[in-house]
Amino acid sequence: MVEIELDGKTVEVPQGSMVMHAANKLGTYVPHFCYHKKLSIAANCRMCLVEVEKAPKPLPACATPVTQGMKVFTHSAKAVEAQRSVMEFLLINHPLDCPICDQGGECQLQDLAVGYGKSNSRYDEEKRVIFHKNVGPLISMQEMSRCIHCTRCVRFGQEVAGVMELGMINRGEHSEITTFVGQTVDSELSGNMIDICPVGALTSKPFRYAARTWELGRKRSVSPHDSLGANTTVQTKDNKVMRVVALENEAINECWISDRDRFSYEGLNSADRVTTPMVKQGGQWLETDWQSALDYVTHSLKTIAAQSGPESIGALAHPISSAEELHLLQKMVRGLGSTQVETRLRQADVKAAATAPWLGMPIAKLSELDRALIIGSFLRKDQPIIAARIRTASKRGLQVMRIDAGGDDWLISSSGISSAPSSWLNSLSEVALAVAKAKSLTAPAGVANLSVFPAAQKIADSLISGSAKAVLLGSAAIAHPHASDLHVLAQFITEQTGATLGFLPVGGNAVGASLVNANGVGVESILSGDRKAVLLMNIEPDADLPNPLQARAALAKANTVIALSAYKSADLLEVADVILPISTFTETVGTFVNAEGSAQTIQPSVKPLGDSRPAWKVLRALGSLLDLDGFLFNLPEEVLGEALDESYCTRLSNKATSNTITHGSTTPTSGLERIADVNIYAGDQIVRRSSALQLTRDAKRGNQAGLNQKLFTELGIKEGEAVRVSQGGQSVDMPATLEANLAPGAVRISAGTMASAKLGPMNGPITVAKA
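Residues numbered from 1 in each chain as written. Predicted model: local features only at pLDDT ≥ 70, side-chain atom pairs only at ≥ 80, totals over all residues. Heavy atoms only, no water.

### Remarks on the overall build of the protein
Operational definition: Helix and strand definitions follow DSSP, with helices as H or I runs of at least four residues and strands as E runs of at least two, each counted in order from the N terminus. Computation of the radius of gyration draws on C-alpha atoms, with the globule rule given as 2.2 Å multiplied by the number of residues to the power 0.38. For every residue, the accessible area obtained with a 1.4 Å probe (protein chains only) is divided by the maximum for its type, and the residue is called buried under 20%, exposed over 50%, and partly exposed between those limits. Pairs of residues are marked as contacts when any of their non-hydrogen atoms sit within 4.5 Å. Per-residue and other accessible areas follow the Shrake-Rupley method at a 1.4 Å probe size, with only the shown protein chains counted as cover for residues. Only four residue types enter the tally: Lys and Arg on the positive side, Asp and Glu on the negative side, with His and both chain ends excluded. For the purpose of locating charges, the reference atoms are NZ of Lys, CZ of Arg, CG of Asp and CD of Glu.
The helix and strand tally for the protein stands at 23 helices and 33 strands. Here the C-alpha radius of gyration of the protein, 28 Å, is about what a compact globule of 771 residues would show, namely 28 Å. Principal-axis analysis of the C-alpha atoms gives the protein an extent of 90 × 65 × 55 Å. Counting across all 771 residues of the protein, residues that qualify as buried make up 61%. In the protein, of all internal contacts separated by at least 6 residues, the share reaching a separation of at least 24 is 72%. In the form shown here, the protein has an accessible surface area of approximately 29,400 Å², with 52% of it arising from carbon and sulfur atoms. Computed over 74 positive and 78 negative side-chain charges, the inter-centroid distance for the protein is 3 Å.

As structure tokens, then:
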């Protein structure tokens, strides 16, 4: 520790710290623009100049290391004069357009100009002008003349997002921030550049000219779109969500949020919103009142339960639903005598599934790992903020290993095994055998005696040598046909190497769904065609279920399909018999349990739209009308108290219910096979309706077939040309895109898209031909 004196106050900071860190520890504000606690030091704005005793001139606080006995003056006459001079330089070329600037009212330059600026300018020459740039649907660079070249956006891309989307060209007053060769800025974290820009150069394109910051109401919230549970601030006006920004929580999302969390609010006010109960009569949809709709539902459920038995009733819910909603849904279904309830929508193999799978550690601990094996994950798109943590950790020495089909560039230095999904079981078995041999142990029961190739041996050696290590199963491993075997093998490896076993859960409340007992028989049981009544909550069959064609057929066989949904879509209108309009997460109290097991409760930001009702109220009313016990709740807090007791964390468990491998080894598919991610902007009803997100490069990628270079050459096609993809007797034409790192024999066809709705399951053999 080093002790210095700052403005007459003594403070101790670690050796190597800067004066700015000492000032922050004391709570002393030093004006700055380019400095940001999460980014490297650039020291190019010079606004933080301070006086240091015996120094011949003012020094930048952000880039001046502390020394023992140093005396610093942040508000002396010399320091303030230096800061005022820098401000005058910064304002020389800055346009005087605060009244029309979207940053007005929350602008760092505006605030500091009041304290350090002059009342008039001594600069009479023409101001420089930077012509506007169109960099995509998310970020507006229309007024880059406002840019003060702090380079926060450039450093964020390089250091946090992992992709340098912006850079600086030219020198002096001709410097300007721009993209490379006219490319767009729409990586999955790009919206954070808007937050960290201290002026109005980078602003939100969807929010542009929508409202003034002082007109907005603010509510703390949580993003339900992935299992991170990123903390956000929802900003509203006239009972409408206008903007979502990051809320700092160092333990969960630091000060970042993904673009999915930031821009998906557009879908909240979609034209597809259902605001009145609807019942299908004679093939026609009719609007009705709540009492009639609830009577219709209760009569249908009672009749079917009496005639076909309780097990003929099933329920599927999207994990975007809150813990209160999921608890009441499963309680109602089980109260009717059925066990057919499920939220693991894309997990076909649940034989050895853990009772409440989770990350296995606090999210912040990911930054402290030195070894990580990640199996079957589209990490960067499934979990953007977790990927950013791992990316940062990899720069500090974390060795990242992966077993997957490749193709998905994580922007992280990694090694591992890239193969088609049918080979993953063999690859993980090899790692388990290598670990067993190194530890002089017997391999898990059922593991075939395979040859251990160097890549698997390298993974095993790395895991054995590390100190803080984890094995994480991702979304593709969870959806794998042999998910249970992958789970058992991963568990064996972690137990023998001292690593932590974790899951990267799919869906905002995937962990909470397990804790409230909303999982049971597996999605295939409910979609087997034996259910006479099916309840769907926050689900659209074509986009949310693993095999849309099978799902449609099963739902068509049911006597009644009851949808609790905030939205209507063509597939839902086709299969459902009644739609009960429920509120979105911004319109009701809801609790979400994230990947690390933290329960976060949010309050409504706006009132329910139209005649929609919170789902917990709808389910409470249905339970009472069905004469079930235990549905007399008045408040959501009462529901939560029953759903999650104080000791719920003790039920978190990643332990497989079996220690035996069912498939000792698998024979890799001889032809092509499908690898299916869920497109980053197709994961739930809200995101799918965000018009800005659907215009991004990532969204368009969802409707393209990803092929490797070998297949491109064999088919004789070029980027963007159409190919015909066939699976299970169904075919669809779609443009091809080159994914150079995709494993041999693998073809990426995203799930949750219009194209995938015409094909079969997420895994299995497919054929690809030139269209």
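### Digging into the packing of helix 11 (residues 424–438) against helix 12 (residues 454–465)
Put simply, the rule reads: With axes taken as lines fitted to C-alpha atoms, and helix axes fitted only over the stretch in contact, angles between N-to-C directions fall between 0 and 180 degrees. Every angle not falling under 35 degrees, over 145, or within 65 to 115 is termed oblique; those three ranges are roughly parallel, roughly antiparallel and roughly perpendicular. The crossing is said to be left-handed when, going from far helix to near helix, the turn is anticlockwise and less than a right angle, and right-handed when the turn is clockwise. Classification convention: Asp, Glu, Lys, Arg as charged; Ala, Val, Leu, Ile, Met, Phe, Trp, Tyr, Cys, Pro as nonpolar; all other residues, Gly among them, as polar.
Axis separation between helix 11 and helix 12 bottoms out at 8 Å; the angle between their running directions is 50°. If you check the angle between helix 11 and helix 12, you find them oblique. Relative to helix 12, the crossing made by helix 11 is right-handed. Between helix 11 and helix 12, the contacting residues are Ser427, Glu430, Val431, Ala434, Val435 and Ala438 on the first element and Ala456, Gln457, Ile459, Ala460 and Ile464 on the second. Here the residues of the contact of helix 11 with helix 12 are counted per class, giving 8 nonpolar, 2 polar and 1 charged.

### Overview of the nonpolar core
Side chains of nonpolar character tend, in soluble globular proteins, to be buried together. Test applied: We call a set of buried Ala, Val, Leu, Ile, Met, Phe, Trp, Tyr and Cys residues a nonpolar core when their side-chain atoms join them within 4.5 Å.
Core analysis: the biggest nonpolar cluster contains 92 residues, and Phe33, Met47, Ile139, Phe156, Leu166, Leu202 and Leu379 have the highest contact counts within it. A total of 6 residues in this core trace back to one element, the largest contributor, which is helix 10 (residues 384–395). Setting aside residues up to four positions removed in sequence, Leu166 forms contacts with Met141, Cys153, Val154, Ile177, Thr178, Thr179, Phe180, Val185, Met193 and Leu202. Counting 50 residues, the second-largest nonpolar core is a separate cluster that includes Ala323, Met332, Leu626 and Val639.

### A word on the domain arrangement of the protein
Test applied: Where each domain starts and ends comes from a domain assignment, either automatic or drawn from a database. Buried area: the accessible surface (1.4 Å probe) lost by two parts on joining, summed over both.
Here the domain parsing of the protein yields domain 1 (278–350 + 510–649), domain 2 (359–503) and domain 3 (673–770). Centre-to-centre separation of domain 1 and domain 2, based on C-alpha positions: 35 Å. Between domain 1 and domain 2, the contact holds 7 residues from the first and 12 residues from the second. Note on domain 1 versus domain 2: buried area summed over both sides is about 650 Å², and carbon and sulfur give 50% of it. When the buried surface of domain 1 facing domain 2 is broken down by residue, Asp349, Ala595 and Glu596 rank first, second and third, together holding 67% of it.

### Section: the sheet that holds strand 2 (residues 9–13)
Spelled out, the test is: Following DSSP output, two strands are said to pair if at least two bridges run between them.
One open sheet holds the 5 strands; their spatial order is 2-1-5-3-4, and the pairing between them is mixed. Both outer strands of the open sheet, strand 2 and strand 4 (59–60), are each paired with one neighbouring strand and no more. Two strands pair when backbone bridges link them, and strand 3 (residues 49–52) and strand 5 (residues 71–73) are joined in this way by 2 bridges, in the antiparallel orientation. Counterpart to Val52 in the pairing with strand 5 is Val72. The strands touched by helix 1 (residues 19–26) are strand 1 (2–6), strand 2, strand 3 and strand 5; relative to strand 2, the strand with the most contacts, the crossing angle is about 115°. Lying on the sheet, helix 2 (residues 77–92) is in contact with strand 3 and strand 5; it crosses strand 3 at an angle near 155°.

### Here we look at the pairing of strand 27 (residues 599–602)
Side chains of strand 27 alternate between two faces, with Gln600 and Ile602 buried and Ala599 and Thr601 left unburied. Where strand 26 (residues 590–593) lies against strand 27, 4 bridges are found, and the strand directions are antiparallel. Each bridged residue has a counterpart across the sheet, and for Val593 the counterpart in strand 27 is Ala599. Taking the residues that link successive antiparallel strands as the turn, the strand 26-strand 27 hairpin has 5 residues, and the phi of Gly597 there is positive, at about 90°.

### Focus: the UniProt feature "domain: 4Fe-4S His(Cys)3-ligated-type" (unreviewed entry) in the protein
Here is the rule we go by: UniProt positions are given in the numbering used here, feature names are shortened, and annotations may be inferred rather than shown by experiment.
As recorded in UniProt, the sites labelled "domain: 4Fe-4S His(Cys)3-ligated-type" (unreviewed entry) are residues 78–117. Secondary structure over residues 78–117 splits into 60% helix and 0% strand, and the C-alpha atoms at its two ends are 16 Å apart.

### Thoughts on the pattern of salt bridges
Proximity of charged atoms lets side chains of opposite charge pair with each other. How we decide: Whenever Lys or Arg places a side-chain nitrogen within 4 Å of a carboxyl oxygen from Asp or Glu, that contact is recorded as a salt bridge.
What the rule picks out here adds up to 38 salt bridges. Of the charged contacts in the structure, one is a salt bridge between Glu587 and Arg273, with a shortest N-O distance of 3.1 Å. Here Glu587 is found in the loop between strand 25 (578–581) and strand 26, whereas its partner Arg273 is found in the loop between helix 6 (259–263) and strand 14 (278–281), with 314 residues between them in sequence. Where Glu342 meets Arg344, a salt bridge forms, and the shortest distance between an N and an O atom there is 2.6 Å. Grouping residues by exposure puts Glu342 and Arg344 together as buried. One network of salt bridges, in which partners are shared, links Asp272, Glu540, Asp544, Arg688 and Arg689.

### Focus on helix 7 (residues 290–308)
Here is the rule: Expected helix span is taken as 1.5 Å per residue step, with the number of steps being one fewer than the number of residues. What the arc describes is the spread of directions from the helix axis to the C-beta atoms. Whenever a nitrogen or oxygen atom comes within 3.5 Å of another N or O atom, the pair is scored as a polar contact, on the condition that within protein one atom can donate a hydrogen and the other can accept it, and that pairs from neighbouring residues in sequence are kept only if both atoms are in side chains.
End to end, helix 7 covers 27 Å across 19 residues, agreeing with the expected 27 Å (1.5 Å per residue, within 8%). For helix 7, the complete set of buried residues consists of Trp290, Ala293, Leu294, Val297, Thr298, Ser300, Leu301, Ile304 and Ala305. Looking straight down helix 7, one finds that the buried residues subtend no more than 160° of arc, so they occupy a single side. The exposed residues of helix 7 that point more than 90 degrees off its buried face are His299, Ala306 and Gln307. The inward-facing, buried residues of helix 7 abut strand 16 (313–317), strand 23 (533–537), strand 24 (560–565), strand 25 and helix 20 (615–625). Here helix 7 starts with a cap whose side-chain oxygen sits 3.1 Å from the backbone nitrogen of Gln291, and that cap is Asp289. At the exit of helix 7 stands Gly309, carrying a positive phi of roughly 95°.

### Thoughts on the UniProt feature "domain: 4Fe-4S Mo/W bis-MGD-type" (unreviewed entry) in the protein
Taking the UniProt record as the reference, the feature "domain: 4Fe-4S Mo/W bis-MGD-type" (unreviewed entry) is found at residues 216–272. Taken end to end, residues 216–272 is 9% helix and 35% strand, and its first and last C-alpha atoms sit 25 Å apart.

### Observations regarding the packing of aromatic side chains
Selection criterion: Between the rings of Phe, Tyr and Trp (Trp by its six-membered ring), a pair exists once the centres lie within 6.5 Å; its type follows the angle of the planes, with under 30 degrees stacked, over 60 edge-to-face, and the other angles tilted. Two thresholds decide whether a charge sits over a ring: the Lys NZ or Arg CZ must be within 6 Å of the ring centre and within 35 degrees of the ring normal.
Following the criterion strictly, the structure yields 1 aromatic pair and no others. Over the ring of Phe207 we find Arg243; its NZ or CZ atom is 4.4 Å from the centre of that ring. Lys331 extends its terminal NZ or CZ atom over the ring of Phe631, reaching a point 5.3 Å from the ring centre.

### What to know about the packing of helix 11 against helix 14 (residues 483–497)
Contact pair helix 11 / helix 14: the axes reach a minimum separation of 10 Å and the direction vectors enclose 20°. Considered as vectors, helix 11 and helix 14 are oriented roughly parallel to each other. Crossing of helix 11 over helix 14 shows left-handed handedness. On the side of helix 11, the interface is formed by Trp424, Leu425, Leu428, Ser429, Val431, Ala432, Val435 and Ala436, while helix 14 contributes Asp485, Leu486, Leu489, Ala490, Phe492, Ile493, Gln496 and Thr497. When the residues that make up the contact of helix 11 with helix 14 are grouped by side-chain class, the tally is 12 nonpolar, 3 polar and 1 charged.

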